[in-house]
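# Survey of secondary and tertiary structure
Residues per chain, in single letters:
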Amino acid sequence: MHRRGRWALALGCAATALSVTAPAGATVLSVRSAPSTAHASDVRPGGGVRITEAQVRKEVRPAEAKTLGRAAAEQLARDRIGLRALDSDYPQTTRTLRFNKLTESQRSLNATFDPARFGKFTDYFSSPDFGDHVALLPTGKILVFSFESIEENPTKEPAPTQIIGKENAGRAYVWDPARGEGSDAFKAVPPPVVNMPDGKDEPRPAPVFCSGHAYLPNGMVAVFGGNLGGNGGTGAKLALVFDPWTETWHQQQDMAVGRWYPSVVTGADGRQFITSGQSEIGWGDLSMEIERFPAKGSPVSYDPADAPKGRALDQWKTNAPYMMDYPHLFSLKDGLIYGFGRNFDEQFAFDPQTETRRKLPDRPDGAMRNYGSAVALPNGASGPDSVLILGGNRNDPNTYKFSGGRWTKDTPAPSAAPRTTP
């Protein structure tokens, strides 16, 4: 998802964070005039926005005036009025021009890569879902799940990240590739209806987007966290399991903490290791607790016919001190879980047997990687023992390999741009 300008959302009441009264080149005109002119702002020729004194008085928030002073509160009020007036729509003519420009630029860029070496995409078709989360099922079908879109303007996020209530809802489909494309190839499998603890009392399909997921030993898909709504990305405590054979969801007991953008991996003991993600307080408050599913002492099922229902989680004795969400987690052949954080100095190994962690060598790039991707390298029947970190830093196209307890620099990627849904 991503993505997403969350720093701006988190700093909504900081006067220095908002110099966004109008786009570059536009002007904002603050006008002292009679109350009769104090309706909605109008956009004037040349890009200026006409804002009256009455509008500013009405828009000023007492809490901002008390905290920041009257002058700063009035400027924030003008910013909000200007944004509403200027960021109102995205015309179809602009959509078409942008689409054509992106198509041509992508064609030009792709021409520099040999398909025999790099491969190419050849098939595109419509899907009823964004595929924010994708899981290949043991049945050969594919589970895709995300959210009900609330916004058609492509310059704005379509996800209801900031929304609480019934519009903050999840959705899911099973795609059968054997049926190709079209409506017959997709089956709606909505998440369970839940009543989120957001004070709205509006049950809706569980908002499972921005969660983390991993496979249970019996092939089912476990999903943890999601979007509680508001405050720039607020974590839900949801714990669900999708049964690929019956194509049904099963709700488990809630986690101890909320998680938005958590990471999940299945350990050598068959239990899910869950950590990170923004908490139920919202963006900027990371959930560092490590939770385990099912709880220690509960049996781990390897039977495809045994779907867990209402199972509990528990917590490790130690935590995972990541300062940025979505660390990449891998269970390697030595039985340890390796967590590679986005910050270069947040690299850890976790031992499920002793519930302890140890520090790994810092990633040699010495920088933060904005999400990016990571993959465990194949190692035959022995199981993976190495991990490759790719992308996430536009200033460093190199990939980095972790193997044998140390880092080495590997082949540069064609593009180092961030990937927000790895």
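Basis of the calculations
Residues numbered from 1 in each chain as written. Predicted model: local features only at pLDDT ≥ 70, side-chain atom pairs only at ≥ 80, totals over all residues. Heavy atoms only, no water. Helix = DSSP H or I, 4+ residues; strand = E, 2+ residues; numbered from the N terminus. Buried < 20%, exposed > 50% of the residue type's maximum accessible area, 1.4 Å probe, protein only. Pairing = 2+ DSSP bridges. Axes fitted to C-alpha atoms, helices over the stretch in contact; angles between N-to-C directions. Salt bridge = Lys/Arg side-chain N within 4 Å of Asp/Glu carboxyl O. Phe/Tyr/Trp six-rings, centres within 6.5 Å; stacked < 30°, edge-to-face > 60°. Lys NZ or Arg CZ within 6 Å of the ring centre and 35° of its normal. Core = buried A, V, L, I, M, F, W, Y, C linked by side-chain atoms within 4.5 Å. Contact = heavy atoms within 4.5 Å. Polar contact = N/O pair within 3.5 Å; in protein donor to acceptor, adjacent residues only side chain to side chain. pLDDT = per-residue confidence, 0-100.

### A few points about the overall build of the protein
Counting its regular elements, the protein contains 6 helices and 27 strands. Within the protein, buried positions represent 44% of all 422 residues.

### A look at the sheet that holds strand β11 (residues 221-225)
In spatial order, the strands read β10-β11-β12-β13; together these 4 strands make up an open sheet with antiparallel pairing. Single-partner strands in this sheet number two, and they are β10 (211-215) and β13 (248-251). Neighbour-to-neighbour, the strand axes of the sheet open up by a mean angle of 25°, direction not taken into account. Pairing of β10 with β11 involves 5 bridges; the strand directions are antiparallel.

### Comments concerning the pattern of salt bridges
Counted under the stated rule, the structure contains 18 salt bridges. Among the salt bridges present, the one from Arg292 reaches Asp314, with a minimum N-O distance of 2.9 Å. With Arg292 in strand β18 (residues 289-293) and Asp314 in strand β19 (residues 314-319), the pair connects residues that are 22 residues apart, well separated along the chain. One exposure class covers both Arg292 and Asp314, and it is buried.

### Regarding the pairing of β13
Where strand β12 (residues 239-243) meets β13, 4 bridges bridge the pair, whose relative direction is antiparallel. Its bridge partner being in β13, Val241 is matched across the sheet by His250.

### Some remarks on the packing of aromatic side chains
Going through the model one piece at a time under the given rule, you end up with 24 aromatic pairs. Here Phe147 and Phe209 contribute two aromatic rings whose centre-to-centre distance is 5.1 Å and whose plane-to-plane angle is 65°, an arrangement assigned as edge-to-face. Separated by 62 residues along the polypeptide, Phe147 in strand β5 (residues 142-147) and Phe209 in the loop between β9 (204-205) and β10 bring together distant segments of the chain. Taken together, Trp260, Tyr261, Trp283, Tyr326 and Tyr371 form an aromatic cluster joined through their ring pairs. Here the basic side chain of Arg342 rests over the ring of Tyr371, its NZ or CZ set 4.0 Å away from the ring centre. Positioned above the aromatic ring of Phe348, the side-chain terminus of Arg357 is 5.7 Å from the ring centre.

### Topic: the nonpolar core
A general tendency of soluble globular proteins is for nonpolar side chains to be buried together. Counting 19 residues, the largest nonpolar core has Leu143, Val189, Val208, Leu238, Phe242 and Trp249 as its most contacted members. Sorting the residues of this core by element identifies β5, β6 (170-175), β11 and β12 as the ones contributing at least two each. If we skip the residues at most four places from it in the chain, Val189 touches Leu143, Ala172, Tyr173, Val174, Phe242, Glu247 and Trp249. Ala239, Val241, Met255 and Ala307 belong to the second largest nonpolar core, which has 13 residues in total.

### Regarding the sheet that holds strand β14 (residues 263-266)
Across the sheet, which stays open at both edges, the 4 strands sit in the order β14-β15-β18-β19 with antiparallel pairing between neighbours. Single-partner strands in this sheet number two, and they are β14 and β19. Across this sheet, the average inter-strand angle for adjacent strands is 25°, counted without regard to direction. Here 4 bridges tie β14 to strand β15 (residues 272-275), and the two strands are oriented antiparallel to one another. When the sheet's bridge partners are listed, Val265 is paired in β15 with Phe273.

### Considering unusual backbone geometry
The residue after Phe293, namely Pro294, is reached through a cis peptide bond having omega -10°. Examined against the element boundaries, Pro294 turns out to sit in the loop between β18 and β19. At Cys210, a residue that is not glycine, the phi angle is positive and equals roughly 65°. A relative accessible area of 1% means that Cys210 is categorised as buried. Positioned with a positive phi, Glu247 is a non-glycine residue whose angle comes to about 55°. Exposure remark for Glu247: the relative accessible area of 12% places this residue in the buried category.

### Some remarks on the environment of Arg342
You can see Arg342 is positioned in the loop between β21 (337-340) and β22 (347-351). Here the alpha-carbon distance between Arg342 and Tyr326, two residues 16 residues apart in the chain, equals 7.7 Å. There is a polar contact of 2.6 Å between the side chain of Arg342 and the side chain of Asp325.

### Structural notes on the confidence of the model for the protein
In low-pLDDT segments, the atomic positions of the prediction should not be examined closely. On average, residues of the protein carry a pLDDT of 85, and 85% of them reach 70 or more. In the predicted structure, residues 1-47 sits below a pLDDT of 50 and forms 92 contacts with residues beyond four places in sequence or in another chain. Every residue in residues 416-422 scores below 50 in pLDDT, and together they form 26 contacts with partners more than four places removed in sequence or on other chains.

### Focus on the side chain of Thr275
For Thr275, the location among the structural elements is in strand β15. Excluding residues that lie within four positions of it along the chain, Thr275 makes contacts with Arg259, Pro262, Ser263, Ser287, Met288, Glu289, Ile290, Ala320 and Leu329.

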